[in-house]
Amino acid sequence: MRKVFIGGNWKSNGNLAFCKKHCEEVLNKISFDKTKTEVVVSPLSIHLSLVKDLIKNDIQVSAQNISLTKEGAFTGEISAIAMKDLGINWTILGHSERRTLYGECNETVANKVIRAEEQGLNSIACIGETKEQREKNETMKVIQAQLQAIKNVKPDWSKIVLAYEPVWAIGTGLTATPDQAQEVHNEIRAWLKKEISEKVANETRIIYGGSVSDTTAGDLIKKNDIDGFLIGGAALKPAFKKIVEDSKKI
Ligand code: PGA
């Protein structure tokens, strides 16, 4: 049985006061069974240590990105080595905002998966199609190219959570319906079975992201191939507690 995975992506939101309030009033009040559920929140890099110290339960803390480079003369970059030193075990990679606003291509994302893995970090690797690609029936073609790039670098799949985030659903209020999301998750799992192995297909968590809220999470999690969520806007609100508590596999 795959553990439910709930990620909260805070993006470039939150200040010191928010971190303190959100940890004390929301995150520390969430109760979940860590043998069945994993919860990871991803604040700004400069808040990682603070949030890690403020959290008093089993919620883990994740980076939102790491650099492709290691230590050295790379002004402004934060390496996986530095994240590991800080005690961070997770990083989001290839979020659509990184792909579209900062030019990260499939190969860059795949190479970052390896950078993370080299330091023992787990990756939440984001994949998903744009509205135009969906309308042209290219959803699986786009996703397969994103997955193929990761396959090409021969990663340790046990350290990867795949986040299916249709770009048209991120921050728009347009959540994929449970059937739409399940269809793609099922095809991603079929790809893993064919291209990697049955074991990897059975064990890899495939989570959904894109305008998930406390009103939509309950129906999405009922679908066989939806193993959890990557949550943006609602992760900054008290709704995050309800989403975690409602996200149980029966
Ligand atoms: P959203 O963001 O929940 O605000 O749509 C999800 C994400 O970008 O990971």
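In this report, we go over the structure that sits alongside the text. Every residue gets a number counted from 1 within its own chain, in the order that chain's sequence is written. Two thresholds apply to this predicted model, a pLDDT of at least 70 for residue-level local features and 80 or more for giving and counting side-chain atom pairs, whereas whole-chain, interface and lining totals are computed over all residues. Based on all heavy atoms of the structure, the side-chain values leave hydrogens and waters out of the count.

Some words on the pattern of salt bridges
Part 1: For this analysis, a salt bridge means a side-chain nitrogen from Lys or Arg found within 4 Å of a carboxyl oxygen belonging to Asp or Glu. Counted according to the given criterion, the structure contains 22 salt bridges.
Part 2: Between E195 and K194 there is a salt bridge, with its nearest N and O atoms 3.3 Å apart.
Part 3: Residue class for K194 comes out exposed when judged on its relative accessible area of 69%. A 1.4 Å probe rolled over the protein chains alone gives each residue an accessible area, and that area as a share of the maximum for its type sets the label: buried under 20%, exposed over 50%, partly exposed in between.

Examining the site of the ligand
Part 1: The criterion for a residue being near a molecule or strand is simple. One of its heavy atoms has to lie within 4 Å of it. Not every one of the 13 residues close to the ligand is listed here, only the nearest: K11, H95, E165, G171 and S211.
Part 2: Pairing of N or O atoms within 3.5 Å defines a polar contact, subject to two protein rules: one partner must be a possible hydrogen donor and the other a possible acceptor, and residues neighboring in sequence count only if both atoms are side-chain atoms. S211 places a polar main-chain atom, nitrogen or oxygen, 2.7 Å from an oxygen atom of the ligand.
Part 3: G232 is positioned such that a nitrogen or oxygen atom in its backbone is 2.9 Å from an oxygen atom of the ligand.
Part 4: Note that accessible areas follow from Shrake-Rupley with a 1.4 Å probe, and for residues the cover is restricted to the protein chains shown. When the ligand is considered free in solution it has 280 Å² of accessible area, and contact with the protein chains removes 95% of it.
Part 5: The class makeup of the residues in the shell around the ligand is four nonpolar, seven polar and two charged. Classification used: nonpolar for Ala, Val, Leu, Ile, Met, Phe, Trp, Tyr, Cys and Pro, charged for Asp, Glu, Lys and Arg, polar for all others including Gly.

Details of the sheet that holds strand β1 (residues 4-9)
Part 1: If DSSP finds at least two bridges between two strands, the strands pair. Only DSSP runs of H or I covering at least 4 residues are called helices, and only runs of E covering at least 2 are called strands; the numbering of each starts at the N terminus. Strand order in this closed barrel of eight strands is β1-β2-β3-β4-β5-β6-β7-β8, and the pairing throughout is parallel. On average, each strand axis in the sheet is inclined to that of its neighbour by 25°, with strand direction left out of account.
Part 2: As judged from the two bridges shared by strand β3 (residues 60-63) and strand β4 (residues 90-93), these two strands associate in the parallel manner. Looking at the pairing, A63 lines up with T91 of β4.
Part 3: It only takes one pair of heavy atoms within 4.5 Å for two residues to be counted as in contact. Every axis corresponds to a line fitted to the C-alpha atoms, with the helix fit spanning only the stretch in contact, and the corresponding angles, defined between N-to-C directions, vary from 0 to 180 degrees. Its contacts with the sheet place helix α8 (residues 178-195) against β5 (122-127), β6 (160-164) and β7 (206-209), and it is angled at close to 150° to β7.

Examining the packing of helix α7 (residues 139-152) against α8
Part 1: Contact pair α7 / α8: the axes reach a minimum separation of 11 Å and the direction vectors enclose 40°. With respect to each other, α7 and α8 are oriented oblique. Judged by the sense of rotation from one axis to the other, the crossing of α7 with α8 is right-handed. Of the residues in α8, those touching α7 at T139, M140, I143, Q144, L147, Q148 and K151 are V184, E187, I188, W191 and E195.
Part 2: Class assignment for the residues of the contact of α7 with α8 results in six nonpolar, three polar and three charged. Roughly parallel means an angle under 35 degrees; roughly antiparallel means over 145; roughly perpendicular covers 65 to 115; every other angle is labelled oblique. Each crossing is labelled by how the near helix is turned from the far one, with a counterclockwise turn of less than a right angle marking it left-handed and a clockwise turn marking it right-handed.

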